[in-house]
Amino acid sequence: MLRKKEKSLKGRKGFTLMEVLVTVIIVGVLAAIAYPVFSKSIAKARATEAVNLLEIVRSKQIKNFASRQTYVTDVNELGKLTNNKESANTGYIVVNDKYYVALDGTNACAKVEYRKPGSDNAIFTFTTGYETAGLGCTGNVCTSFGDIIGTADEVCNVEIPVEPEPEPDPCPSGCPGNPPTCDPGTTSSYTCDTTTCQWKGSCDPIPGWCDGETRDCTSAEGTGCQQTCSGTTWGTCVCDNVYSCTPGAAGSFQSCPGTCKSDGSGYECTGENDTHYCSDTNTCLALNKTCADGQEQKQTCDDGTTVLTRKWSWKNPNGWNCEFDTAACKCEAK
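This report concerns the structure included in the present document. (Residues numbered from 1 in each chain as written. Predicted model: local features only at pLDDT ≥ 70, side-chain atom pairs only at ≥ 80, totals over all residues. Heavy atoms only, no water.)

## Comments concerning the state of the cysteines
Here comes step 1: Applying the stated rule across the entire model yields 9 disulfides.
Here comes step 2: Disulfide pairing places Cys-175 opposite Cys-192 at an S-S distance of 2.1 Å. Residues Cys-175 and Cys-192 are joined by a disulfide whose S-S torsion is about 90°; by sign, that bridge is right-handed. Of the two residues, Cys-175 sits in the loop between helix 3 (152–155) and strand 8 (186–188) while Cys-192 sits in strand 9 (residues 191–193), which places them 17 residues apart along the sequence.
Here comes step 3: The exposure class assigned to Cys-175 is buried, which follows from its relative accessible area of 9%. (Disulfide = S-S within 2.5 Å. Helix = DSSP H or I, 4+ residues; strand = E, 2+ residues; numbered from the N terminus. Buried < 20%, exposed > 50% of the residue type's maximum accessible area, 1.4 Å probe, protein only.)

## Thoughts on unusual backbone geometry
Here comes step 1: One non-glycine residue with positive phi stands out, namely Asn-96, at about 55°.
Here comes step 2: Positionally, Asn-96 belongs in the loop between strand 2 (92–95) and strand 3 (99–104).
Here comes step 3: Among the residues examined, Asn-96 registers a relative accessible area of 25% and is labelled partly exposed.
Here comes step 4: In this structure, Asp-97 takes a positive phi of about 65° despite not being glycine.
Here comes step 5: Of note, Asp-97 is situated in the loop between strand 2 and strand 3.

## With respect to the nonpolar core
Here comes step 1: Ranked by internal contacts, the top residues of the largest apolar core, which has 28 residues, are Val-57, Val-101, Leu-103 and Phe-126.
Here comes step 2: Mapped by element, the contributors of at least two residues to this core are helix 2 (17–68), strand 2, strand 3, strand 4 (109–115), strand 5 (122–129) and strand 6 (135–138).
Here comes step 3: The leading source of residues in this core is helix 2, at 6 residues.
Here comes step 4: Dropping the residues within four chain positions of it, Leu-103 is found in contact with Val-57, Gln-61, Val-72, Thr-73, Asp-74, Val-75, Leu-78, Cys-109, Ala-110, Tyr-130 and Val-158. (Core = buried A, V, L, I, M, F, W, Y, C linked by side-chain atoms within 4.5 Å. Contact = heavy atoms within 4.5 Å.)

All quantities given are derived from atomic positions and should not be read as evidence of function.
What follows is the structure, given as C-alpha cells:
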C-alpha cells in the first residue's frame, strides 16, 4: 500500500513555468482593463454626491426665498445639509472632510469642490444657480454628465478659501524634563514654551519671606525676648527672663512698700520713702535706727572728692551734705 501511494505521487506533474507566466499575464491584462473602469465608477459616484449636495442647497434656498423673499448668503445659515460629518468654517462648510460647499450671494448660486483629505487642490468642482438649469463643471468627471453648460467658474465664480496647512508642532511631547527647581522663599513661574520647546520663566521671591529667621522683640512678659519666622509669619515673642512684675510698678517687698526691679524679677525697697530702707537684697528695714542709751549713729559719706564722717543722734538725722543712706549707719559707743 505504501509503495503504491508513493508511485501515485511521483506520477503527478506540477505547473510549468510557461503556464505560470501565462496566468500572470492574463491576470495583469484583466486588472489593466478593470482598474480604469473601477476608478471611473468611483469618481462618478463621488461626483454624483457633489451634485446631490448642490440640489440640497438649491432646495433649501428656494424655500428660504419663498418665506423671506431673499436667499441665504452664508452656507452656515442653511443648517445641516446631510446626516454625515459637517464642519463649519467662515463662509463655507466641509462635508465628510472632502466636499467644500460655499454660496455666492450676489449671483444666487452655489459651488461644491471635491478635495482629497489633507489636499488644497480640487479634483473636480460643480456649480449651479438657484433659478437656472444646468451645471458648471471643472475636472475629468465632467464628461460623465450631460447637463454641463460651462466651467464651474463660468456658472458660479465663488472662491472657497484654501485651508492653511497646520503648523508643525515643535514640541509634540512637551518640554524635556521638568522645570528648574526654585529655592525656598521663591515661587516658580516657569511654563513650557511650545514655540521653542523650552522652559521659560523665573524663580520669583515670595514677598515677606523670612522662614527660619529670628529677631529681637519687646514684650511686657520679660527681657531677652526673640521671635522666629515661619514662612512669612513671625511667631510669638518668647522671653528668656520672664517678668514676675512690671518693671517700675509700685508694689511691696515683704512688708515694705517698694518698686519692681528693672529685670522684673521682684520688688525692692528704693529709699524713696521716709520709713524704710533695703539693708540687703532680701531685707527691708525701718529708715531711722534707734540706738541704745550711750550710743550714737555714725555715717561716713563719700561725695567723690571728700570723705566726711558725722555723728548724730537718731532724733536729728538731717542736715548732711551727702545722700542719707541709713544702710551705712552704725550705732557706736560715745
